[in-house]
Amino acid sequence: MDQNCKDVFEVYNLPFECYFNASMNHEETAHDEIEFVWLLDGEATVWCEGKEYTLLPDTVFIFYVNQRHAMRSEGPTYSASFRFKRKYLEDLNLYFERLPFQNRVFTFDELAHKYHEVPLIMSQLILLMKSGGSTVNIRYKLMGFYNMYVFDLYSVRLQQKYLDIKKKNYDEYLLRFQKISTYIEENYHEKITLAALGSLTGISPTRLSHFIKEILGISFQEYLHKIRLEKAIFALKNTDMPVREIVKASGFSDQKYLNAIMKDLFHLTAHQYRKIMKDEVHFGVEDFSYPDMIHEFSHKLHKMKTSAFPVLDV
């Protein structure tokens, strides 16, 4: 990867940094973050803590905390790299630097079968790239899958240190989370209650409330309001629908409530926001400079749909 590469999704404030690269030339460095490197195409050599490893297409290497490493590729390569933000992990009380880790080359299939959240994170990144802008639901799906992945990874590391640590059933967590996010995405304009979601997922409203907070870091009502606000803002910017109709279509109780939220966020009413934003140049990832990477990303994940783990449509 380029030594001076930039986090592609920095503007979305994700719990990890994302880099997509057409080369893997990186001088020796070390950082206090875990880094996950996936080579999609080409061949590269990795040096880590004095040992040499060869990466081939569809292989993954994980650099652990504070490990000195370098990378070099001969000819064109496509790679994706992800760095886990240390502050975010520490806020979750996950201290990977205290746990043992053995470096080796993984196949992507091997890693994806071990951690089902990995291909789900990737598929959501593709959707974010294709969307041309952030969507709240995609962002929170990314955060949810990522949280499950890092907790699972941490529990595996703990098992190496304390053999009596039990592994959570994250397949059940994944299924529950996907049911919740899909239901809200499809029914945000209707009245949605914890009781209804509890019936859908088979757990009590109280446990469901805690589950959403654990996975997303925000309450059920905050999550629902963010989804509805996103729909309202999209309609204000991209349609001529009257504001009163937007209020109803996005699931808000009345225009006064929408205006209160808009004023809190933007210091503008819905009408004022629409007037200002009509001429705004849409900002997103449309200028993403590696369209072939998106194609490769999508192709790899589509191949996995018949496997034993779920992959969202990309």
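Refer to the structure above for everything that follows.
Computed from a prediction, not measured in an experiment: that's the story for all the values here. Counting restarts for each chain, with residues numbered from 1 along the sequence as it is written. Local features are withheld for residues below a pLDDT of 70 in this predicted model, meaning they are given only at 70 or higher, and side-chain atom pairs are given and counted only at 80 or more; totals for whole chains, interfaces and linings count all residues. To get the side-chain values, take all heavy atoms of the structure and skip hydrogens and water.

**Focus: the pattern of salt bridges**
For step 1, the next point in the chain: The term salt bridge refers to a pairing of a side-chain nitrogen on Lys or Arg with a carboxyl oxygen on Asp or Glu at a separation within 4 Å. One pass over the structure, following the stated rule, counts 12 salt bridges.
For step 2, the next point in the chain: Measuring nitrogen to oxygen at the nearest pair gives 2.6 Å for the salt bridge that ties Lys6 to Glu10.
For step 3, the next point in the chain: Here Arg176 ties to Glu172 by a salt bridge, and the two come within 2.9 Å at their closest N and O atoms. Placement of both Arg176 and Glu172 in helix H5 (residues 170–187) is noted, with a separation of 4 residues, approximately one turn of the helix.
For step 4, the next point in the chain: Classification of residues uses two cut-offs on accessible area relative to the type maximum, computed with a 1.4 Å probe and protein chains only: under 20% is buried, over 50% is exposed, and between them is partly exposed. Look at Arg176 and you get buried, because its relative accessible area is 8%.
For step 5, the next point in the chain: Residue class for Glu172 comes out partly exposed when judged on its relative accessible area of 42%. Each helix corresponds to a stretch of at least 4 residues labelled H or I by DSSP, and each strand to a stretch of at least 2 residues labelled E; elements are numbered beginning at the N terminus.

**What about the sheet that holds strand S7 (residues 69–73)?**
Backbone-to-backbone hydrogen bonds join strands into a sheet, with any given pair of strands oriented parallel or antiparallel.
For step 1, the next point in the chain: Ordered by their spatial adjacency, 4 strands build an open sheet running S2-S7-S4-S5, and the pairing between neighbours is antiparallel. Two strands close off the open sheet at either side, each with one partner strand: strand S2 (26–29) and strand S5 (51–55). Put simply, the sheet's adjacent strands are angled 15 degrees from each other on average, direction ignored.
For step 2, the next point in the chain: In this scheme, strands are said to pair when DSSP sees at least two bridges between them. Across 2 bridges, S2 lies against S7 in antiparallel orientation. Residue pairing for S7: His26 is matched across the bridge by Met71. Between N-to-C directions, angles span 0 to 180 degrees; the directions come from axes that are lines fitted to C-alpha atoms, helices contributing only their stretch in contact.

**As for unusual backbone geometry**
For step 1, the next point in the chain: A positive phi is found at Asn13, a non-glycine position, where the angle reads about 55 degrees.
For step 2, the next point in the chain: Structurally, Asn13 can be placed in the segment before strand S1 (16–21).
For step 3, the next point in the chain: The backbone phi angle of Asp58 is positive, close to 70 degrees, even though this residue is not glycine.
For step 4, the next point in the chain: If you trace the backbone, Asp58 turns up in the loop between S5 and strand S6 (59–63).

**A short note on the nonpolar core**
For step 1, the next point in the chain: Working definition of a nonpolar core: buried Ala, Val, Leu, Ile, Met, Phe, Trp, Tyr and Cys residues. They are joined through side-chain atoms within 4.5 Å. With 71 residues, the main nonpolar core has Phe36, Phe82, Met122, Leu125, Tyr149 and Phe297 as its most contacted residues.
For step 2, the next point in the chain: Residue contributions to this core peak at 14 residues, all from helix H4 (residues 136–161).
For step 3, the next point in the chain: Two residues form a contact once any of their heavy atoms are found within 4.5 Å. Setting aside chain neighbours within four positions, we find Phe82 in contact with Phe16, Glu17, Cys18, Phe20, Ile34, Glu35, Phe36, Met122, Leu125 and Phe297.
For step 4, the next point in the chain: Listed in part, the 16 residues of the second largest apolar core include Leu229, Ala232, Ile233 and Phe252.

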